[in-house]
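Inside the fold
Chain by chain, the residues run as shown.
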Amino acid sequence: MIPYTVNIKLAARTLTGTLNLQNKTAVDWGWQGLIAQGCHSSILIIDPKTAQTIQVLERHKANVVKVKWSRENYYHNLSSPYCLRLASGDASGKIIVWDVVSGTAHCEIQEHSKPIQDLEWLWNQDASRDLLLAVHPPNYIVLWNGDTGTKLWKKSYAENILSFSFDPFDPSNMALLTSEGIVFITDFSYSKPPGSAGKKVYIASPHASPAHTKPAPATAPAPTGAKKALNKVKVLITNEKPTAEAVTLNDCLQLSYLPSKRNHMLLLYPREILILDLELSQTVGVVAIERSGVPFIQVIPCAQRDALYCLHENGCITLRVCRSTVATEEAADPEQSVQELVYDLRSQCDAIRVTKTVRPYRMVICPVNENKAALMVSDGRAMLWELRAHTGKAATNPRYTSGLSPLYSPVSFCGAPLGPNQKKIQDLSLNSMIGQTLIAGETLPTSSNQQEVQLKFLLTGLLSGLPLPPFAIRMCPPLTTKNINHYQPLLAVGTSNGSVLVYNLTSGLLHKELSVHSCEVRGIEWVSLTSFLSFATSAPNNMGLVRNELQHVDLPTGRCFAFRGERGNDEPPIEMIKVSHLKQYLVVVFRDKPLELWDIRTGTLLREMAKNFPTVTALVQTHLHTNKNVVLRALRWENSQYRFLSSSPYSLLQDAESKSETSQAISAREHFVFTDTDGQVYHITVEGNTVKDGARIPPDGSMGSIACIAWKGDTLVLGDVDGNLNFWDLKARLSRGIPTHRGWVKKIRFAPGKGNQKLLVMYTDGAEVWDTKEVQMVSSMRIGRNVNYRILDIDWCTSDKVVLASDDGCIRVLEMAMKSASYRMDEQDLTDPVWCPYLLLPRAALTLKAFLLLQPWSGTFTMDVTQVDYSEKDEIKGLIQEQLNSLSNSCGNSILMLFGDESDLHFWTVASHYIQSFAQARQLTVSAAEGQAQSEGVQPSPQSHLDICHDVLCESSYFQKFQLDRVHLQEVKRSSYEHTKKCADQLLLLGQTDRAVQLLLETSADNPSYYCDSLKACLVTTITSSGPSQSTIKLVATNMIANGKLAEGVQLLCLIDKAADACRYLQTYGEWNRAAWLAKVRLNPAESSDVLKRWAEHLCSPQVNHKSKAILVLLSLGCFYKVGEMLHSMRHFDRAALFIEACLNRSAVASLTHYAHKLIEAAFLDYARLLRTLGLREGAALWASRAGSAGEQLMEELFQGEGAPKETLSLFTFIPQKSVHVLVD
């Protein structure tokens, strides 16, 4: 049970339910660690760690179709702080950029009125992080400034655009999935629209291609099962539209670049996933489903490992990991290991029960760790799964063991090897759980601490929504001075399936779910703070009779019993139930049957009215102490507009007044007022077992049929089916009719609280709040004007907040103004603490990060901010401590993963790996390194290489092996002369001349290129290293490059081992990525370093402005001094100081020069000033003590006025330095 807290001021919130079909693709998991989910026109913000909804954004008028978190790939400081920014697009074409913490819209964008097809924040340059790319139907892509809402450029295409995908390795490349095929764009830029219409390609399955009809070896067994299906799906990319005879695969569900390796793309179809090599324009891998398998809905490729998360139609999430291409001796089919990229099923979670209304919609994975997945279901559920790694052999189940090579845990993480007593790295992320995929040319690791691991999905959280509408809602009795010690703000929600959900509105979480009825719940009335009555009616039979269920529910025990006993079968339906003010009596009103009066305390029927009793259309219970006098005053109006048919109630009420003192001890007298179909008002009193008729007031001629009635204090309000409200001020003897012109008045309710005369009115088209003292409207809500949902039920939850149930499946707690239910996230009273530093003020978030990153002033690492010298307001300090408490000391994540700092994470992943690698290389080659001033050019020899997802940042030896393995696969998969030519060109660049000659000689004699290819083969075979031949070939190559034959000229230069010249030509002609690739695969370390340094200079130029990428390139070269200098010049003071500290601790640099000492002192001094700005005085003093003479001046400023002795100031210089707690250790 949720612990209760007394909270008089409840926050506005929205309880959400089932999703709309248009919400299917509206979900995103951001680097900030939160999930955004569209629900009708609202957006939920979910914390996946605690499975709580911590914000609901409401401003859209149409269903939300896309949501996208902004990227965190920028350096964070006070001017660029951590912020929760979200873009959402709806079905009307509107895009809203949100400040999620405050719940307000930052800007609104509107271009067309059709649903937004796709959204993406640009992350690939350092100039601006506000650029948002959107697809506006039918065929426009528009680049917006998400900060100001300004349109930067717009581009149209010939086909309807369905979605797009950016190349994660080259931001100028993107692919558009259109209604007819794929459009590849190679000149995307944020400064101007693409100049060309792109390259259109189509996907076809040719019937008879020579490469596809190769005769099978005589010894090869006939393919069966899944392998047969694999062989059938042979897909290639063509530049021409397929003919009618060809099989066109036009039901592509998804297109996405693979972030784990360059120039690969996946296409998702219901029954297969195709992996395309874009250089070859050919399928190199197929993941096919057996005939009896469950089709795919969605696939998400991972970046940290070559793996795919797949969502199936039964809600099952599967993880498939690319099989190593290292051929093992026990492989059953050695041909298969080189003919396809095979993705083996490694783990799967449980499926859900799929029905007509319950279907899986979308899956998202955590972009930081890639080991957590969330499944969104159409009924509003969010299922949170986490991938866990277990050491040990595989299970004996043949489904998992047949043909699968074992997975191993990694031998190191971010450059740091496993400790001597450490069996495996913690499950921090996917790349810390499973090792890198082995490629051809690599040897199996022989490390003794290498563990075989099995992967399993574990359900770690479940967030449930409301069921399908309609709803009947009722708030528990209000807070009073008598019940304040045990009050809980509980809302009972009756649903269409017969269950009653009880929500605690303090936290917004489900308190209890009770299965009470077998049919739709029509109404609920509380009889105490812990029990309620609810009624439900079944569908009518052919005579119009139903089965009525009236249940009494005790909330603490969940006990239910039929309040009316055996009654209820084959009778007219119950219209309403009303509980008296003191919770003693219950009135049950039927449609075509007189009402019943029950004693709640004893559960007995006091009276069943006679058949001639008037039909009740509206009924209200009245307050005990006021109503006696009010009725008396009302009946004594001799000259008023009302005429009474009988004077007998005078004496009855006077007798009751004289006996009230004695009767109160047994049972208090209570009053009910109701109206009939003619609009006549009746009054009855109940005392003990006695029911007495009271006054009758004839109908008001200006009112239609009375639909509802409410009475509080001296005010009686009636509403009719024509939209008229009649306010009776019984004390002043005034009556006032107000025509609202809004149709049938469905319900009216007075607000709780003594003297609070606010009235909530529900119409068919919305709701209003009235002040009955002034008889004027306070606020209004109308469908089509300011909301797009229809109100189903209303109630007050506190004296100043209303709760509304609507037909979009949501229940909203709103202020009396009935505006948006969005609220400030940092003001919420959550049941479980949420770790989200983005909720803090910018300065506090940076302080928290600095506090967690490094604490060298203390011998122990503390999680208590009060134990350090931190000058800040107690309120801010308390918020920071709340964040620290939500972490718990058992949390093993790295700090940068916790913050979701994409920029820092990329930097420190590469930096820590190469700091460790070059430190090892220096230890092994001390004698060779003595003559070098810097460590540039020294190639590391680490225990493990950098992941291939870092592309050209990887070690050259591993990069070369990967490229050879890839071209070998391309060679096997080639299906046309163009494919063969591309493979031969790649082999020549890689230096594989023998194999390239074989491919060149395969050209058939009737091919127009037969003669050229034959001559080329002869040239490659007979080439010599003599001077004249080299000079001639170099001259020819230079002329070819000058005349536009760049690729051919580069090939010739590579043939004569002039790859360095080839790289320079490629860079001159703007082919920077190609030059970097060639340098990594062909040049020695020194030459490669020169090429990559020129690339880094190009990346730093104002035209490109990608210094963050340049820093990563320099890190891979070991240019640590230059990296530190650049970081300091870019004012990345904390990153510069911590990087220099890590280099010094690992001895990753050579002997320090005078300029290096100057840089170190400047970086440490600026970091000390930054820490001083953040309020961490101890940290500032430490770094200032290491910054030379300038640091001494800062030390004096830090301790100025405190009279600190010099011994105290110099104490910091003797504190042992700790290594950085980022990713190095």
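Where an unreviewed UniProt entry is consulted, the protein chain appears under the name WD repeat-containing protein 11, with the organism given as Oreochromis niloticus.

1. Overview of the overall build of the protein chain
For the protein chain, the count of helices and strands is 28 helices and 61 strands. Scored against the burial criterion, the 1225 residues of the protein chain give a buried share of 57%. For the protein chain, the share of sequence-separated contacts (at least 6 apart) that also reach a separation of at least 24 residues comes to 56%. About 51,500 Å² of surface is accessible on the protein chain, with carbon and sulfur atoms providing 51% of the total.

2. Looking at helix α14 (residues 977–989)
In this model, α14 (13 residues) spans 19 Å end to end at C-alpha, consistent with the 18 Å of a helix rising 1.5 Å per residue. Every buried residue of α14 is accounted for by H979, T980, C983, A984, D985, Q986, L987, L988 and L989. Of the surrounding secondary structure, the elements contacted by the buried residues of α14 are β23 (282–288), α13 (956–973), α15 (993–1000), α16 (1010–1022), α18 (1046–1055) and α20 (1072–1082). Count one or two residues on from α14 and you reach G991, which has phi positive near 85°.

3. Regarding the packing of α15 against α16
Angle between the axes and distance between the axes: these two values describe a pair of packed helices. Interhelical geometry of α15 versus α16 gives an angle of 160° and a closest axis separation of 9 Å. When the axes of α15 and α16 are compared, the pair comes out roughly antiparallel. Helix-helix and strand crossings are classified by hand; for α15 and α16 the assignment is left-handed. Packed against α15, whose contacting residues are T993, V997 and L1000, the element α16 presents D1013, K1016, A1017, V1020 and T1021 at the interface. Looking at the contact of α15 with α16 residue by residue, the classes come out as 4 nonpolar, 2 polar and 2 charged.

4. What about α13?
Over its 18 residues, α13 extends 26 Å from the first C-alpha to the last, a length consistent with the 26 Å expected when each residue adds 1.5 Å. Residues of α13 that are buried: S956, Y958, F959, F962, Q963, D965, R966, V967, L969, Q970, E971 and K973.

5. Here we look at the sheet that holds strand β49 (residues 681–687)
Through backbone hydrogen bonds, the strands of a sheet pair up, either in parallel or in antiparallel fashion. Taken in spatial order, the 4 strands line up as β47-β48-β49-β50 in an open sheet, and their pairing is antiparallel. Each end of this open sheet is capped by a strand with a single partner; those strands are β47 (616–622) and β50 (690–697). In this sheet, neighbouring strand axes are inclined to one another by 25° on average, regardless of whether the strands run parallel or antiparallel. Pairing analysis gives 6 bridges linking β47 to strand β48 (residues 670–676), with the strands arranged antiparallel. Counterpart to V620 in the pairing with β48 is V673.

6. Quick notes on the pairing of β48
Burial runs high along β48: 7 of the 7 residues are buried. Alternating residues of β48 divide into E670, F672, F674 and D676 and H671, V673 and T675, and every residue in both groups is buried. Alignment of β48 against β49, held across 6 bridges, turns out to be antiparallel. Within the sheet, the bridge partner assigned to F672 lies in β49 and is I684.

Here is what the cut-offs are and how they apply
Residues numbered from 1 in each chain as written. Predicted model: local features only at pLDDT ≥ 70, side-chain atom pairs only at ≥ 80, totals over all residues. Heavy atoms only, no water. Helix = DSSP H or I, 4+ residues; strand = E, 2+ residues; numbered from the N terminus. Buried < 20%, exposed > 50% of the residue type's maximum accessible area, 1.4 Å probe, protein only. Contact = heavy atoms within 4.5 Å. Areas by Shrake-Rupley, 256 points an atom, 1.4 Å probe, with all protein chains shown as cover. Expected span 1.5 Å × (residues − 1). Axes fitted to C-alpha atoms, helices over the stretch in contact; angles between N-to-C directions. Parallel < 35°, antiparallel > 145°, perpendicular 65-115°, else oblique. Left-handed = near helix turned anticlockwise from the far one by under 90°. Nonpolar A, V, L, I, M, F, W, Y, C, P; charged D, E, K, R; others polar. Pairing = 2+ DSSP bridges.

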